[in-house]
Amino acid sequence: MRTEARGYIAALLLLAVFTAPGAGQEAADTSAAAGQEDVDSNEPSLLLVDTETRIESVGFRFLSGTALGEEDLYGQVATRGPSPLTGVQGALGFLPWISPPVRPLFSPLALQKDVARIRERYRRAGFVDAATDYDVALDRASNRVRIDFVVDQGEPLLIDSVSVRWAGAPRSGDPMSGAVPIAPDLRSAWAEQLARLGGARGRRFGGDERADIEIQTAHWFLDRGYPWAKVTSEALDTVDHAVDLELVVSPGPRARVDEIVFEGQGRLSREVIQREVT
């Protein structure tokens, strides 16, 4: 018990350090350098919580809007508020067979980890300057806290250009030529695909958007007889929140169907099966 109490006190001291003036988080420092306002936390409330403090509610406050939904953000945090049935249990508490509602315990250490996870989620979504903090209000009479995660997502990275390079080829040169030339009968279709890739200009550059461009390009090759196609990407330049994205393509050998063999068809004739697969 003494060890647990020491650990809890250590977590409170750590949290107090993070909320002290001048000890903001890395993302908050970046935001302040860009001329944005810092987010204030409720330091006195944190110093008054104890091992029996419960969570009354958990929410989000967005200082500059949000591109991510609250459902997405709730999935990043371990600090949770009471279940939706808590109010019902409290209202029906006079019934002897209804158990009184039990709210989750508050953990300062879990709260600090949640702040870091939310910040990382925004950065993966392309908001590299995102600043995240928390606001904790303690009701001393009930020993319950109301928690708000405060987010300033900042400006996103945007795709400025998309280029393609064959794997093993130098970065300069004609993207239609190189160490692994594309089949001649696909040159026209490939030019159209390059034009579609150029349409990504101005899109937010996050992990999901990057993967989507890679997958679309890989599927273009898969649908045209390149079953071993591999596509990766590199962010070449990041200036003023603009990214030049380069796709590195390794099509591999082109494959064609030579012969289809049916085995174990039982009562179905070969003609019936062949009709279904061709």
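Thresholds, definitions, all that
Residues numbered from 1 in each chain as written. Predicted model: local features only at pLDDT ≥ 70, side-chain atom pairs only at ≥ 80, totals over all residues. Heavy atoms only, no water. Helix = DSSP H or I, 4+ residues; strand = E, 2+ residues; numbered from the N terminus. Expected span 1.5 Å × (residues − 1). Buried < 20%, exposed > 50% of the residue type's maximum accessible area, 1.4 Å probe, protein only. Arc of directions from axis to C-beta. Contact = heavy atoms within 4.5 Å. Phe/Tyr/Trp six-rings, centres within 6.5 Å; stacked < 30°, edge-to-face > 60°. Salt bridge = Lys/Arg side-chain N within 4 Å of Asp/Glu carboxyl O. Pairing = 2+ DSSP bridges. Axes fitted to C-alpha atoms, helices over the stretch in contact; angles between N-to-C directions. Polar contact = N/O pair within 3.5 Å; in protein donor to acceptor, adjacent residues only side chain to side chain. Parallel < 35°, antiparallel > 145°, perpendicular 65-115°, else oblique. Nonpolar A, V, L, I, M, F, W, Y, C, P; charged D, E, K, R; others polar.

Colleague: What should I look at first to understand helix H7 (residues 187-198) in this one?
Modeller: In this model H7 runs 17 Å from its N-terminal to its C-terminal C-alpha over 12 residues, within 8% of the 16 Å that 1.5 Å per residue would give. Those residues of H7 that fall on the buried side of the exposure criterion are Trp 190, Gln 193 and Leu 197. Down the axis, H7 shows its buried residues gathered within 55° of arc, on one side only. Exposed residues lying more than 90 degrees from the buried face of H7 are Ser 188 and Ala 195. Summarising the contacts, the buried residues of H7 are in contact with strand S4 (158-166), helix H8 (207-222) and strand S6 (242-250).

Colleague: Mind showing me how you'd approach the packing of aromatic side chains here?
Modeller: Within a pair of aromatic rings, the relevant descriptors are the distance that separates the centres and the angle that separates the planes. Applying the stated criterion across every chain yields a total of 10 aromatic pairs. Considering the side-chain rings of Phe 60 and Tyr 74, the 5.0 Å spacing of their centres and the 80° angle between planes classify their relative orientation as edge-to-face. A residue pair is termed long-range when its members are at least 10 positions apart, and Phe 60 in strand S1 (residues 54-62) and Tyr 74 in helix H4 (residues 70-74) qualify at 14 residues. For Tyr 74, a relative accessible area of 26% translates into the label partly exposed.

Colleague: Is there a simple way to think about the pattern of salt bridges in this case?
Modeller: Note on pairing: side chains with opposite charge can pair once their charged atoms come close. Taken as a whole, this structure holds 12 salt bridges when the rule is applied. A salt bridge links Arg 61 to Asp 135, with the shortest nitrogen-to-oxygen separation between them at 3.5 Å. Of the two residues, Arg 61 is situated in strand S1 and Asp 135 in strand S2 (residues 131-139); the sequence distance between them amounts to 74 residues. Note on Arg 61: relative accessible area 33%, which makes it partly exposed. Residue classification places Asp 135 among the partly exposed residues on the basis of a relative accessible area of 23%. The salt bridge involving Glu 234 is made with Arg 165; its shortest N-O contact spans 3.7 Å. Taken as a pair, Glu 234 in strand S5 (residues 230-239) and Arg 165 in strand S4 lie far apart in primary sequence, 69 residues in all.

Colleague: What is the right way to read the sheet that holds S2 from this model?
Modeller: The 3 strands are arranged S1-S3-S2 in an open sheet whose pairing can be described as mixed. In this open sheet, the two strands that pair with only one neighbour each are S1 and S2. Within this sheet the neighbouring strands show an average axis-to-axis angle of 20°, counted without direction. Bridging between S2 and strand S3 (residues 144-152) involves 9 bridges; their strand directions are antiparallel.

Colleague: I keep staring at the side chain of Glu 209 and nothing clicks. Help me out?
Modeller: With respect to the helices and strands, Glu 209 occurs in helix H8. The buried category is assigned to Glu 209, whose relative accessible area is 15%. A polar contact of 3.1 Å, which involves the side chain of Glu 209, links it to the backbone nitrogen of Gly 206. Excluding residues within four positions of it along the chain, Glu 209 makes contact with Arg 203 and Arg 204.

Colleague: Can you walk me through the packing of H7 against H8 in this structure?
Modeller: How two helices sit against one another is set out by the angle between their axes and by the gap between those axes. Orientation of H7 relative to H8, taken along the N-to-C sense of each, is 170°, at an axis distance of 12 Å. In terms of their interaxial angle, H7 and H8 are classed as roughly antiparallel. Between H7 and H8, the residues in contact are Ala 189, Trp 190, Gln 193, Arg 196 and Leu 197 and Ile 213, Gln 216, Thr 217, Trp 220 and Phe 221, respectively. In terms of residue class, the contact of H7 with H8 is made up of 6 nonpolar, 3 polar and 1 charged.

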